[in-house]
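A look at the structure
So you can see what is in the structure, the chains are spelled out below.
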Amino acid sequence: YDWWVYLGEYKFMASVTDEGIVNQIYTTDVTLNVTPFEIGQHLNDIYRFTIVESEINVNVAESLYTFSLNNVDLQTRPLIVFKGLFVQLYIDQIDGELEAVRFIDPATLVQHQPYEMTYTGDLLVPKPRSSTLQSEVKKTAERQIIEITNIDRARHDLPELQNTYQLTVFEREYSQELALENYIAAESSESEKLSNRLKNAVIEHQKAGENIAFDYVDAIEA
């Protein structure tokens, strides 16, 4: 599918399949109607009015898939059954409020496998991507992460982060290095500390910090 991203009066993303079918809607926009939920709603209210379960069954064709949500999942990204679709709710870990929602169809949810999953029948797997398409996906994810982060920051009265080409290249190279080495211990040695890497790249700074995400299906999950 392709993401169609809207950043005008209303801010949301819709993913569209090659057949022209919308299979996901995602938003963190407080002005949009995401009934039966509401951006900014507290997790306690969600639990009061919604059936939240630790095991969710998904049927696709003749196969049955069961997602098992752990305690962290139930507090930060519960999965809700809704009118033949599913809804992932993204809860802020600090204030316990709903930050974003993703409406998603059964087949796409199974291909994402965002939770622990068991199944009977056939395993649905995404089609392999070409190297060109994979490069486009990576660049799209980079941009989406910045846009989603800045919408969240604006909601909490924080200044937007500014993207720079030099930092983008800097972190892209480090991500490649981590992937090739197959590890995620960002501070495993003195030479890999962020401050030293910035110094070696001749990037002037007063303070610096980084977030490292691994093994997420897309920018939204990260």
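Residues numbered from 1 in each chain as written. Predicted model: local features only at pLDDT ≥ 70, side-chain atom pairs only at ≥ 80, totals over all residues. Heavy atoms only, no water.

For the protein chain, the count of helices and strands is six helices and nine strands. The C-alpha radius of gyration computed for the protein chain amounts to 19 Å, which stays within 12% of the reference 17 Å derived for 222 residues, consistent with globular compactness. The principal-axis extents of the C-alpha atoms in the protein chain amount to approximately 55 × 40 × 35 Å. For the protein chain, the residues scored as buried account for 36% of the 222 residues in total. Sequence separation of at least 24 residues holds for 51% of the intrachain contacts in the protein chain that already meet a minimum separation of 6. (Helix = DSSP H or I, 4+ residues; strand = E, 2+ residues; numbered from the N terminus. Rg over C-alpha atoms; globule rule 2.2 N^0.38 Å. Buried < 20%, exposed > 50% of the residue type's maximum accessible area, 1.4 Å probe, protein only. Contact = heavy atoms within 4.5 Å.)

Let us look at the nonpolar core. Judged by nonpolar contacts, the single largest core of 28 residues is most densely connected at Val58, Phe67 and Leu89. Contributions of two or more residues to this core are made by α1 (43-49), β4 (55-60), β5 (63-68), β6 (79-82), β7 (85-91), β8 (98-104) and α3 (106-112). Residues contacting Leu89, with those up to four places away along its chain left out, are Phe37, Ile46, Thr76, Arg77, Pro78, Ile80, Leu98, Ala100 and Val101. Among the nonpolar cores identified, the runner-up in size contains seven residues, and Trp3, Tyr26, Ala100 and Ile148 belong to it. (Core = buried A, V, L, I, M, F, W, Y, C linked by side-chain atoms within 4.5 Å.)

Time to look at the packing of aromatic side chains. On inspection of all chains with the given rule, the structure shows six aromatic pairs. The interplanar angle of 70 degrees and the centroid separation of 6.1 Å between the aromatic rings of Phe67 and Tyr115 together place this pair among those described as edge-to-face. Linking Phe67 in strand β5 with Tyr115 in the loop between α3 and β9 (116-120), this pair joins segments that are 48 residues apart in sequence. This pair shows no difference in class: Phe67 is buried, exactly as Tyr115 is. It is Arg197 that lies over the ring of Tyr174; its NZ or CZ is 3.5 Å from the centre. (Phe/Tyr/Trp six-rings, centres within 6.5 Å; stacked < 30°, edge-to-face > 60°. Lys NZ or Arg CZ within 6 Å of the ring centre and 35° of its normal.)

Turning next to the pairing of β4. The two faces of β4 differ: Ile56, Val58 and Val60 on one face are buried, but Glu55, Asn57 and Asn59 on the other face are not. Across six bridges, the pairing between β4 and β5 is antiparallel. Each bridged residue has a counterpart across the sheet, and for Val60 the counterpart in β5 is Ser63. (Pairing = 2+ DSSP bridges.)

Proximity of charged atoms lets side chains of opposite charge pair with each other. Counting across every chain of the model gives nine salt bridges. The partner of Arg102 in a salt bridge is Asp218, and the shortest N-O contact between them spans 2.9 Å. Of this pair, Arg102 sits in strand β8 while Asp218 sits in the segment after α6 (194-200), and the two are 116 residues apart along the sequence. Note that Arg197 is salt-bridged to Glu210, the shortest N-O span being 2.6 Å. In this pair, Arg197 sits in helix α6 while Glu210 sits in the segment after α6, placing the two residues 13 residues apart along the sequence. Bridged by salt links that share partners, the residues Asp73, Arg77, Arg102, Asp218 and Glu221 form one connected network. (Salt bridge = Lys/Arg side-chain N within 4 Å of Asp/Glu carboxyl O.)

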